[in-house]
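# Structural characterization, general
Listed below, chain by chain, are the residues.
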Amino acid sequence: MPVAFISHSDCGRHDTGWGHPEHVGRLRAITRALRNDPSLFDSVEQVEGRHATADELALVHDSDYIATVERFAATGGGQMDIDTIMSEGSWAAGTAGAGCVLTAVDRAMGAEHARSFCAVRPPGHHALAARSMGFCLFGNVALAARYALSVGGAERVLIVDWDVHHGNGTQALVEKDPAIHFVSMHQWPWYPGTGAAADSGPHQNAWNLPMPAALPAASYVDALEGGIDAATAGFTPDIVLISAGFDSLAGDPLGGFTFEPEHLAAITRRLVERAGAWCNGRVVSVLEGGYAPDRLAEGVMAHIAALA
Ligand SMILES: [Zn+2]
């Protein structure tokens, strides 16, 4: 069964300007790299995602906030918070990004495509229930987890977040639900300042792995695999969600980790193997950060090859 490459043209309508690190060229670099790799191109099935509805977004966000985002886009957008810019197309982009992830969950739970990569923007893992944060409007992966439980028939969800920044939004949106286990490895101290090792959430279902910058890549691989082992001891997920942030690659302007694409591919292969034993191989991976477009594309290609 091929891996689904899920995206939506509306994700390109979130116009932050070329001076913003989270610009539309990130997705273009990914699709260009995929087209330039015929064997990888042939191993994926391109799928257009759908838009998430306001009711679906309300699985994790406050209705007032959802309406505010829609209204702000309709009036032309602007600065949503200190880091997050919106344009007229940002509502379409945000709901398409979230919807692509729901399409991926539907396909995984329905056994159409066990594995998917969602090439979406804006990213999601800093978004909170009632506010945008850190380039993020909607908590795509947290939404996917809640949706897999409430609509998809899953009973347990594992989220693995290897973006160089703590997935504070995801943690805030899922930590009250013990059916979701959340593992985040992130640079420390670093933006957004949350994610201490002792912060395991009110139900001890968060595994935070704060790490210094510039360690040998193997240290990050070992730490993350240790976190995944701890989070799945006595807990067999029905689906694995990845917050795939490629700002953890060496050379990213917004991070100091030292991963090369091969390291993220190795972690991916291991997760795919374990998902095979846990849950018929269901893995839904969702783009988060990654701000050097060529490196991002290189990382995504290695990750998709490992998913396949
Ligand atoms: Zn990040």
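Each value, and the rule that gives it
Residues numbered from 1 in each chain as written. Predicted model: local features only at pLDDT ≥ 70, side-chain atom pairs only at ≥ 80, totals over all residues. Heavy atoms only, no water. Donors = N, O, S within 2.8 Å, 3.2 Å for Na, K, Ca; no water. Tetrahedral: all angles 85-135°; square planar, octahedral: opposite > 155°, others 65-115°. Buried < 20%, exposed > 50% of the residue type's maximum accessible area, 1.4 Å probe, protein only. Phe/Tyr/Trp six-rings, centres within 6.5 Å; stacked < 30°, edge-to-face > 60°. Helix = DSSP H or I, 4+ residues; strand = E, 2+ residues; numbered from the N terminus. Expected span 1.5 Å × (residues − 1). Pairing = 2+ DSSP bridges. Core = buried A, V, L, I, M, F, W, Y, C linked by side-chain atoms within 4.5 Å. Contact = heavy atoms within 4.5 Å. Polar contact = N/O pair within 3.5 Å; in protein donor to acceptor, adjacent residues only side chain to side chain. Salt bridge = Lys/Arg side-chain N within 4 Å of Asp/Glu carboxyl O.

A few words now on the coordination of the zinc ion. The protein atoms that coordinate the zinc ion are D163 (OD), D163 (OD), H165 (ND1) and D247 (OD), at distances spanning 2.0 to 2.7 Å. If you look at the zinc ion, its 4 donor atoms make angles of 54 to 152° with each other, and the shape they trace is irregular. Motif for the zinc ion, donor spacing along one chain: D-x1-H-x81-D. One exposure class covers both D163 and H165, and it is buried.

If you walk through the whole model with that rule in mind, you get 7 aromatic pairs. A network of ring pairs unites the aromatic residues Y65, W91 and F138 as a single cluster.

We now examine helix α5 (residues 90-109). Along its 20 residues, α5 runs 28 Å from first to last C-alpha, staying within 8% of the 28 Å computed at 1.5 Å per residue. Residue A111 follows α5 closely and has a positive phi angle near 65°.

What follows deals with the pairing of strand β6 (residues 157-161). With 5 of 5 residues buried, β6 is to be regarded as a mostly interior element. As defined by bridge partners, β6 adjoins strand β9 (residues 239-244) across 5 bridges and the pair is classed as parallel. When the sheet's bridge partners are listed, L158 is paired in β9 with V240.

Looking now at the nonpolar core. In terms of nonpolar packing, the biggest core is built from 92 residues, with F117, V157 and F259 touching the most fellow members. Per element, the largest residue contribution to this core is 10 residues, and it comes from α5. Those residues in contact with F117 that sit more than four places away from it in its chain are V3, A4, F5, I6, A244, F246, S285, L287, V300, H303, I304 and L307.

With that out of the way, let us pick up the side chain of H166. Structurally, H166 can be placed in the loop between β6 and α7 (168-174). Classification of H166 as buried rests on a relative accessible area of 2%. Reaching out from H166, the side chain makes a polar contact with the backbone nitrogen of G195 at a distance of 3.4 Å. Each residue touching H166, except ones within four places of it in the same chain, is listed here: H125, H126, Q171, F182, S184, H186, Y191, P192, T194, G195 and N208.

Under the definition given, this model contains 13 salt bridges. Here R26 and E22 are joined by a salt bridge, their closest N and O atoms 2.8 Å apart. Taking the relative accessible area as the measure of exposure, E22 reaches 0% and is therefore buried. Taken together, the salt bridges that share partners define one network made up of E22, R26 and R121.

With that settled, the discussion passes to unusual backbone geometry. Glycine aside, the phi torsion of most residues is negative, and most peptide linkages are trans. The omega torsion across R121 and P122 is 0°, close enough to zero to call that bond cis. Relative to the helices and strands, P122 is located in the loop between β5 (115-118) and α6 (140-150). With an omega dihedral of -5°, the bond running from W188 to P189 counts as a cis peptide bond. Tracing the sequence through the fold places P189 in the loop between β7 (180-187) and β8 (206-211). A positive phi is found at F135, a non-glycine position, where the angle reads about 75°. With respect to the secondary-structure elements, F135 resides in the loop between β5 and α6. The backbone phi angle of N280 is positive, close to 55°, even though this residue is not glycine. Here N280 lies in the loop between α9 (261-279) and β10 (283-287). According to the relative accessible area criterion, N280 is exposed, its value standing at 63%.

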